[in-house]
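Observations on the three-dimensional arrangement
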Amino acid sequence: MRAMTSSAPIAVLADLDAYARAVDTAVAAAAAYYAGGETTLDDATYDALVRGIEAYEAGHPGQVLANSPTGKVAGGAASGDVAHSAPMLSLANVFSEAGLTAWAAGLERRIGRPVAGWHVSPKLDGLAIAARYREGRLVQLVTRGDGASGEDVSHAIGTVVGLPERLGRDETVEIRGEVLMTHAQFEDANAARIAHGGAAFANARGAAAGSLRARERGYAVELTCFAYDAVPVAGSSEEIRAADGLGHGRLMALLAELGVRTTAATPVPGRGAATLEEVRERVAEIAGLRAGLPFGIDGIVIRADSAADRESAGAGSRAPRWAVAYKLPATEKITRLLGVEWAVGRTGVIAPRAVLEPVLVDGSTITYATLHNPGDITRRDLRIGDHVLVHKAGDVIPRVEAPVLGLRTGREQPIAFPAVCPECGSAIDTSEQRWRCVRGRDCRLVASLTYAAGRDQLDIEGLGGSRVVQLVEAGLVTDLADVFTLTREQLLTLERMGGTSSDKLLAAIGVAKTRPLSRVFCALGVRGTGRSMSRRIARAFGTMDAVRAADAETLRMVDGIGAEKATLVVAELLELAPLIDRLAAVGVTMSEPGGAVPVGSAPAPATEGGGREGAGDPDGADGPTAALPLTGLTVVVTGAMTGPLEALSRNEMNALIERAGGRASSGVSARTTLLVAGERAGSKREKAEQLGVRIIDPDGFAELLDGLLG
Ligand code: IVH
């Protein structure tokens, strides 16, 4: 487990001068961080710098500078003029399992007894807020500031989901929690900002900090708060006063009753843990789910759960001694943009790709990252040589977020945009956000045809890349439909093509004509759709005519198609209309065996927000309407299949799952409800075990599908 082994890097400060410079750098970075401004240090670098400062101060206690960030809430960078009812503290960090063990041992030494029980919750990556309720009404919002007093941001009341303006009861209490932007809110906020002529925010945390503090803006931006504490104040009920003594889980339940959203309402809810071993397990579990969460987390908070333990432990000036943050590897790092390459995709889209100075992000070294699109490069004023913020989490493709303007030297160079298609030299259509060669998919005809003939599409044996090149160069094929009208005589004119191979290829092409719509649709290479999506579309509509007759609104009924994708698919089908007509004319199958499965009875979408409801009961998941054995299930296949499933490729397994009403997925996450684990199943099995996902072997799975096989 990566998060468990990472040790903490540390900046080495050789002398007083280096120490003083480090303090200045850290203070400036902390100020930007808490104000929602531009960070010149990524979190991991900041943490390493502060550890270096701490180490230097430990060795030179006489030289500690007054503005040092150590021992201060928010690194001493934030302040405000609203006094807090009780200090709003920060948390000490650990970075490894060993660090956690040492911290827990220190705590137990301090209180002189074993900790009675723990509580483990996600550390949400936003900013702390105190929400003051008087007689059930939200009257004031205050940031953490320096921990003693914060900034009044009450103007944001009404924009924070999870902090209702009225509680369920007329309670007087101060709720504390983390304000953040979910990934969806972040996208919306950036879209709104760009639409109003502003620059996109670099990341969700900065966007949340900036939006919370922004007073006047011509548009609304939504935030979310998850509460993690309640502080009794004058006028609080006995119930609130007593709640803290009941343990964290009970406190969260009480807040939820009042209508406040809490960390318990996340897909990785806080939970009690009896032993440190259980704490470690839950830490690993939350770390494993991180990439699939609808918002960012930067660690896991572990707290002693009994009021007596917390009281004995007490607090320092910066942080309580009864809680700690187990920091997870950073998903964002700053590195340099060395160059930009322009690649033409199968459908003619010309996409920029960043070449980076290699940097370690979330466990892997990143050298390339996607850039948004040409318009975005211009809007962000990105330049070669810039320091850039790079984001990568889990299996997500790394992405360049924004340049760090504060680190400009003046030697940065503008990014050159291609004037003509880098693939074929034709003009570029720049009318849309994503640039495209005017020849569209014809620009990459060889790639398109090779893809169409591939095993998971039309599966035409003998029509590999080099054969396609020959056919295109000989002028025998100008689009996919031409493949189906090839004659023996034409094939015989090609080099290395004798009678036998020609006959074989023609036979394979004949078989390809009979492939079901799902494969034909996939072979078209419609942008925004792959194998699984093609199958879902084909199953939902039954015939190509029905798909083509569907408008964007109708297409949205297919699981996984949102507004943007629906519009794209409609436009793509329009563009592909002449080709589709020609394919139909030469006798290619345009229907799915079994016809349309009404969309309402298609597999239920995976639970929104990643909940694991129904995980234990796949057969009954959808009650009496579950006509197919896998209805409502999200299934992942791993390892080598055996028994009746032995001959099936992964794609065929996925097709089978979808025929059985399930949804096939490649990675195990909180949404997975069933794992089919064959021989030599590795990390996916481990992860499924950690998550408590139901695991089944290939034989058991074959039994479950019974009638659908063969
Ligand atoms: S408990 C005494 N629980 O992390 C502070 N904090 O780095 C007790 N945070 O100031 C805080 N998620 O803003 C707690 N589940 C969680 C949290 C959480 C995020 C933030 C909070 C805190 C900071 C410390």
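As the structure is a prediction and not an experimental result, all values here were calculated from the model.

The rules we used
- Residues numbered from 1 in each chain as written.
- Predicted model: local features only at pLDDT ≥ 70, side-chain atom pairs only at ≥ 80, totals over all residues.
- Heavy atoms only, no water.
- Helix = DSSP H or I, 4+ residues; strand = E, 2+ residues; numbered from the N terminus.
- Rg over C-alpha atoms; globule rule 2.2 N^0.38 Å.
- Buried < 20%, exposed > 50% of the residue type's maximum accessible area, 1.4 Å probe, protein only.
- Contact = heavy atoms within 4.5 Å.
- Areas by Shrake-Rupley, 256 points an atom, 1.4 Å probe, with all protein chains shown as cover.
- Lys, Arg positive; Asp, Glu negative; His and termini not counted.
- Charge placed at Lys NZ, Arg CZ, Asp CG, Glu CD.
- Pairing = 2+ DSSP bridges.
- Axes fitted to C-alpha atoms, helices over the stretch in contact; angles between N-to-C directions.
- Salt bridge = Lys/Arg side-chain N within 4 Å of Asp/Glu carboxyl O.
- Parallel < 35°, antiparallel > 145°, perpendicular 65-115°, else oblique.
- Left-handed = near helix turned anticlockwise from the far one by under 90°.
- Polar contact = N/O pair within 3.5 Å; in protein donor to acceptor, adjacent residues only side chain to side chain.
- Disulfide = S-S within 2.5 Å.
- Near = heavy atom within 4 Å.
- Expected span 1.5 Å × (residues − 1).
- Arc of directions from axis to C-beta.
- Phe/Tyr/Trp six-rings, centres within 6.5 Å; stacked < 30°, edge-to-face > 60°.
- Lys NZ or Arg CZ within 6 Å of the ring centre and 35° of its normal.
- pLDDT = per-residue confidence, 0-100.

1. Section: the overall build of the chain
- Scanning the chain from N- to C-terminus turns up 24 helices and 25 strands.
- Against the 2.2 N^0.38 benchmark of 27 Å for 710 residues, the chain shows a C-alpha radius of gyration of 29 Å, consistent with a compact globule.
- The dimensions of the chain, computed from C-alpha atoms along their principal axes, are 90 × 65 × 45 Å.
- Expressed as a percentage of its 710 residues, the buried residues of the chain come to 49%.
- A sequence separation of at least 24 residues applies to 69% of the contacts in the chain between residues at least 6 apart.
- In the form shown here, the chain has an accessible surface area of approximately 31000 Å², with 52% of it arising from carbon and sulfur atoms.
- Distance from the positive charge centre (75 side chains) to the negative charge centre (86 side chains) of the chain: 2 Å.

2. Regarding the side chain of serine 518
- The residue serine 518 is located in helix α17 (residues 517–523) in this model.
- Here serine 518 is in contact with Ser534, Arg535, Ala538 and Glu592, once residues within four sequence places are set aside.

3. Remarks on the sheet that holds strand β11 (residues 297–304)
- If you walk across this open sheet you meet the five strands as β2-β12-β11-β3-β10, and the pairing is mixed. The two strands at the open ends of the sheet, each matched to only one other strand, are β2 (92–94) and β10 (271–273). Taken pair by pair, the neighbouring strands of this sheet meet at an average axis angle of 35 degrees, ignoring direction.
- Where strand β3 (residues 118–124) and β11 come together, seven bridges link them in antiparallel fashion. Within the sheet, the bridge partner assigned to leucine 124 lies in β11 and is isoleucine 297.
- Helix α4 (residues 97–111) contacts β2, β3, β11 and β12 (323–327) of the sheet and is inclined by roughly 175 degrees relative to β12.
- Contacting β3, β10, β11 and β12, helix α9 (residues 276–289) runs over the sheet at an angle of about 20 degrees to β3.

4. Describing the pattern of salt bridges
- Counted by the stated rule, this structure contains 37 salt bridges.
- Linking aspartate 381 and arginine 408 is a salt bridge whose minimum nitrogen-to-oxygen distance equals 3.5 Å. Of this pair, aspartate 381 sits in the loop between α11 (374–380) and β16 (383–384) while arginine 408 sits in the loop between β18 (399–403) and β19 (413–414), placing them 27 residues apart in sequence.
- Taking the relative accessible area as the measure of exposure, aspartate 381 reaches 33% and is therefore partly exposed.
- On the basis of relative accessibility, which here comes to 22%, the residue arginine 408 falls in the partly exposed class.
- The closest approach of N and O atoms between arginine 515 and aspartate 459, which form a salt bridge, is 3.9 Å. Here arginine 515, found in the loop between α16 (499–512) and α17, pairs with aspartate 459, found in the loop between α12 (445–453) and α13 (465–473); they are 56 residues apart in sequence, far enough to count as distant.

5. Looking at the packing of helix α2 (residues 16–35) against helix α3 (residues 43–59)
- Where α2 meets α3, the closest approach of the two axes is 10 Å, and the angle between their N-to-C directions is 140 degrees. Relative to α3, α2 is oriented oblique. For α2 against α3, the interelement crossing comes out left-handed. Residues Leu16, Tyr19, Ala22, Val23, Thr25, Ala26, Ala29, Ala30 and Tyr33 of α2 pack against Asp43, Tyr46, Leu49, Ile53, Tyr56 and Glu57 of α3.

6. Some points on the side chain of threonine 529
- Residue placement: threonine 529 occurs in the loop between α17 and α18 (531–541).
- For threonine 529, a relative accessible area of 14% gives the class buried.
- Only 2.9 Å separates the side chain of threonine 529 from the backbone oxygen of valine 526, close enough to count as a polar contact.
- Threonine 529 has contacts with Phe521, Ser534, Ile537 and Val569, leaving out every residue within four places of it along the chain.

7. What about the state of the cysteines?
- Applying the stated criterion to the full structure yields zero disulfides.
- No disulfide involves cysteine 443; its sulfur sits 3.6 Å from the nearest other cysteine sulfur, which is in cysteine 421.
- The exposure class assigned to cysteine 443 is buried, which follows from its relative accessible area of 10%.

8. Re the site of the ligand
- Taken together, 15 residues are adjacent to the ligand, and Pro122, Leu124, Arg144, Glu178 and Tyr228 come closest.
- Glutamate 178 places a polar side-chain atom, nitrogen or oxygen, 2.5 Å from an oxygen atom of the ligand.
- Expressed as a share of its isolated accessible area of 520 Å², the protein-covered part of the ligand is 91%.
- Of all the elements in the fold, those that place two or more residues in the shell around the ligand are β3 and β11.
- With four residues, β3 is the single largest residue contributor to the shell around the ligand.

9. Details of helix α5 (residues 183–195)
- Between its first and last C-alpha, α5 extends 18 Å over 13 residues, near the 18 Å set by a 1.5 Å rise per residue.
- Taken together, the buried positions of α5 are occupied by Gln185, Phe186, Ala189, Asn190 and Ala192. Down the axis of α5, the sector holding all buried residues measures 165 degrees, keeping them to one side. Away from the buried face of α5 by more than 90 degrees, exposed residues Glu187, Asp188 and Ala195 are located.
- In this structure, the buried residues of α5 make contact with β7 (160–161), β8 (173–180), α6 (204–213) and β9 (223–231).

10. Digging into the environment of serine 669
- You can see serine 669 is positioned in the loop between β23 (663–665) and β24 (674–677).
- Sequence spacing of serine 669 and serine 591 is 78 residues, and the spatial spacing of their C-alpha atoms is 33 Å.
- When near neighbours in sequence (up to four residues on either side) are disregarded, serine 669 contacts Leu289 and Leu691.

11. Digging into α6
- For α6, the buried fraction is high: eight of the ten residues fall into the buried class.
- Listed as buried for α6 are Arg205, Gly206, Ala207, Ala208, Ala209, Gly210, Ser211 and Leu212.
- Next to the buried residues of α6 lie α2, β4 (127–134), β5 (137–143), β8, α5 and β9.

12. Let's talk about the packing of aromatic side chains
- This structure, assessed with the given rule, holds six aromatic pairs.
- Each ring, one from tyrosine 19 and one from tyrosine 56, has its centre 4.7 Å from the other, and the planes form 15 degrees; the classification is stacked. Note that tyrosine 19 is positioned in helix α2 and tyrosine 56 in helix α3, a separation of 37 residues in sequence. Tyrosine 56 matches tyrosine 19 in its accessibility class, with the two residues each being buried.
- Here a set of aromatic residues connected by ring pairs shows up, and it is made of Trp342, Phe417 and Trp435.
- The side chain of arginine 310 reaches across the aromatic face of tryptophan 322, ending 5.8 Å from its centre.
- Here the basic side chain of arginine 346 rests over the ring of tyrosine 451, its NZ or CZ set 3.6 Å away from the ring centre.

13. Some points on the confidence of the model for the chain
- When pLDDT is averaged along the chain, the result is 88; 94% of the residues meet or exceed 70.
- Confidence scores differ between elements of the chain, with helix α1 (residues 2–5) showing the lowest mean pLDDT of 39 and β8 the highest of 98.
- Every residue in residues 1–6 scores below 50 in pLDDT, and together they form 18 contacts with partners more than four places removed in sequence or on other chains.
- Here residues 600–626 is a poorly scored stretch, pLDDT under 50, and it has 35 contacts once near neighbours within four places are set aside; other chains count.

14. A closer look at the sheet that holds β5
- Strand order in this open sheet of five strands is β5-β4-β8-β9-β7, and the pairing throughout is mixed. Taken across any chain shown, the strands that pair with only one partner, and hence form the sheet edges, are β5 and β7.
- Along the sheet face, helix α8 (residues 248–258) touches β8 and β9 and points at about 125 degrees away from the line of β9.

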